[in-house]
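# Secondary and tertiary structure notes
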Amino acid sequence: MPLPRKDVQANPDFRPHRVVVLALDGVLPFELGIPHRIFGRPRDARRRHLYEVVTCSIRPPGPVETDADFAIEVAHGPEALATADTVIVPASYELGPVFEEGVLTDELAAALAHIRPGTRFASICTGVYVLAAAGLLDGRPATTHWADAEHLQRLFPSIRVDADVLYIDDGDVLTSAGVAAGIDLCLHMVRRDHGTAVANEVARRTVVPPHRDGGQAQYIQRPVPEPQLATTTTARAWALGRLHEPLQLRDMAEQESMSVRTFTRRFREEVGVSPGQWLTQQRVERARHLLESTDLSVDQVARDAGFGTAQSMRQHLQTTLGVTPTSYRRTFRAGGVGAAGGGDRIAG
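Let me begin by describing the structure that accompanies this report. (Residues numbered from 1 in each chain as written. Predicted model: local features only at pLDDT ≥ 70, side-chain atom pairs only at ≥ 80, totals over all residues. Heavy atoms only, no water.)

## Here's the deal with the sheet that holds strand β9 (residues 167-169)
Spatially, the six strands line up as an open sheet ordered β2-β1-β5-β6-β10-β9, and their pairing is mixed. The open sheet has two edge strands with one neighbour each: β2 (51-56) and β9. When strand polarity is set aside, the average angle formed by the axes of neighbouring strands in this sheet is 15 degrees. Sheet analysis places strand β6 (residues 120-124) next to strand β10 (residues 173-176), joined by four bridges and oriented parallel. Residue pairing in the sheet places isoleucine 124 in a bridge with serine 176 of β10. Relative to the sheet, helix α2 (residues 29-39) contacts β1 (17-22), β2, β5 (86-89) and β6, its axis offset from that of β2 by approximately 160 degrees. Here helix α7 (residues 180-194) sits on the sheet and contacts β2, β5, β6, β9 and β10; the angle it forms with β10, its principal contact strand, is near 150 degrees. (Pairing = 2+ DSSP bridges. Helix = DSSP H or I, 4+ residues; strand = E, 2+ residues; numbered from the N terminus. Axes fitted to C-alpha atoms, helices over the stretch in contact; angles between N-to-C directions. Contact = heavy atoms within 4.5 Å.)

## A look at the pattern of salt bridges
When the charged atoms of two side chains with opposite charge come close together, those side chains can pair. Under the defined criterion, the tally for this structure stands at 16 salt bridges. Here arginine 116 ties to aspartate 85 by a salt bridge, and the two come within 3.4 Å at their closest N and O atoms. Here arginine 116, found in the loop between α4 (106-112) and β6, pairs with aspartate 85, found in the loop between β4 (71-74) and β5; they are 31 residues apart in sequence, far enough to count as distant. The class for arginine 116 is partly exposed, based on a relative accessible area of 38%. For aspartate 85, a relative accessible area of 15% gives the class buried. Across the pair glutamate 285 and arginine 191 runs a salt bridge, and its minimum N-O distance is 3.8 Å. Of this pair, glutamate 285 sits in helix α12 (residues 275-293) while arginine 191 sits in helix α7, placing them 94 residues apart in sequence. Among the residues examined, arginine 191 registers a relative accessible area of 1% and is labelled buried. Salt bridges linked by common partners bring Arg15, Asp85 and Arg116 together as one network. (Salt bridge = Lys/Arg side-chain N within 4 Å of Asp/Glu carboxyl O. Buried < 20%, exposed > 50% of the residue type's maximum accessible area, 1.4 Å probe, protein only.)

## Thoughts on the pairing of β1
When you tally the buried positions in β1, you get six out of six residues, the bulk of the element. Burial along β1 is two-sided: the face carrying His17, Val19 and Val21 and the face carrying Arg18, Val20 and Leu22 are both buried. Two elements, β1 and β2, share six bridges in a ladder whose sense is parallel. Paired with leucine 22 across the strands is cysteine 56, a residue of β2. Crossover β1 to β2 through α2 is right-handed. (Right-handed = clockwise from strand over helix to strand, strands pointing away.)

## Here's the deal with the pairing of β5
Judged by which residues are buried, β5 turns out to be covered on both faces: Thr86 and Ile88 on one side and Val87 and Val89 on the other are all buried. Taken together, the three bridges between β1 and β5 define a ladder with parallel strand orientation. Residue valine 21 lies in a different strand from β5, and its bridge partner there is isoleucine 88. Across four bridges, β5 lies against β6 in parallel orientation. Bridge pairing links valine 89 to serine 123 in β6.

## Here's the deal with the packing of helix α11 (residues 260-271) against α12
Packing of α11 against α12 brings their axes to within 9 Å, and their N-to-C directions diverge by 55 degrees. Judged by the inter-axis angle, α11 sits oblique to α12. Judged by residue contacts, Phe263, Thr264, Phe267, Arg268 and Val271 of α11 engage Pro275, Gln277 and Trp278 from α12. For the contact of α11 with α12, the residue count by class is five nonpolar, two polar and one charged. (Parallel < 35°, antiparallel > 145°, perpendicular 65-115°, else oblique. Nonpolar A, V, L, I, M, F, W, Y, C, P; charged D, E, K, R; others polar.)

## Observations regarding the packing of aromatic side chains
The description of an aromatic ring pair rests on the distance of the ring centres and on the angle between the ring planes. Evaluated as defined, the whole model comprises five aromatic pairs. Where phenylalanine 267 meets tryptophan 278, the ring centres are 5.7 Å apart and the plane angle is 70 degrees; that geometry is what we call edge-to-face. Of this pair, phenylalanine 267 sits in helix α11 while tryptophan 278 is found in helix α12, placing the two residues eleven residues apart along the sequence. With a relative accessible area of 0%, phenylalanine 267 lands in the buried category. Here tryptophan 278 falls in the buried class, since its relative accessible area comes to 7%. Grouped by ring-pair contacts, the aromatic residues Phe99, Tyr129 and Phe156 constitute a single cluster. Over the ring of phenylalanine 14 we find arginine 48; its NZ or CZ atom is 4.1 Å from the centre of that ring. (Phe/Tyr/Trp six-rings, centres within 6.5 Å; stacked < 30°, edge-to-face > 60°. Lys NZ or Arg CZ within 6 Å of the ring centre and 35° of its normal.)

## Remarks on a positive patch on the surface
Residues Arg37, Arg41, Arg43 and Arg47 make up a contiguous surface patch of positive charge. Its location among the elements puts arginine 41 in the loop between α2 and β2. (Patch = residues over 30% accessible without salt bridge, like charges linked within 9 Å, V, L, I, M, F, W, Y side chains within 5 Å. Areas by Shrake-Rupley, 256 points an atom, 1.4 Å probe, with all protein chains shown as cover. Lys, Arg positive; Asp, Glu negative; His and termini not counted. Charge placed at Lys NZ, Arg CZ, Asp CG, Glu CD.)

In structure tokens form, the structure reads like this:
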């Protein structure tokens, strides 16, 4: 069994959330490294690691082949799965019957049998096939890389596959699209567990955007503007500085000297969501930050975040996070884990 970190040995009453990453043959090294990079960073006020990340194989400790020209040496066998609070399955290109027939191999099934009831599961890209074959996604929403979504739906018709989103949080099971979406998912999990301030600090240290909403499109038509082509960047920056004001679509369009119709089309092409959806996302993030970091009343937070009234903010947070502003503040100001049992339900 993996040994506890030094900060755990020094503080026997403190136990970080253990994330066990399952490395299967054919694993993509980039995706395998994402959980270690994101969950290995967060610390509490006493500088103790909030997570402990362990990598394991379905076989005894030893080498695991990757899809690159090198193998990795994994120090832990499947028994490590029994110690997990969260199990993450990164993408692999050698899933065999799991990908081709939707069934677990005996070796993989035996490894997964170590996992305790109540453990949280997450997948990156094609790792979703493992969760699906294990029956964890029956009747539930899930996503994967857009190129595999149609195949996943055919193989597992009971799953509600959504190929248009970056990630889906369905409470105890979370799935994401490929590559960078895995970063988004892991940051989302940190945000869900410990709030926006902790997640934003991890994002800053990792030099990635602090938040891309799970409902954002996987494929954005114009992620990098063509030379000399007008963009919506100025309007977004302008709006972020005025979230507390009652912004209108025409006001944003005027910042780019575009018609509302052209601006709306260009905005969706560049960002992946409509201007209205984007504004709501930014206001929810602003509200979360204020609820976590200030003693402002709920009414004042609602005004500063641009919702106008506490009732409006309450409805948006209930829809997005599944909790009320007061419950959200109580959870994170008390240092609790998770704003709600179901977390952010994106595209569910």
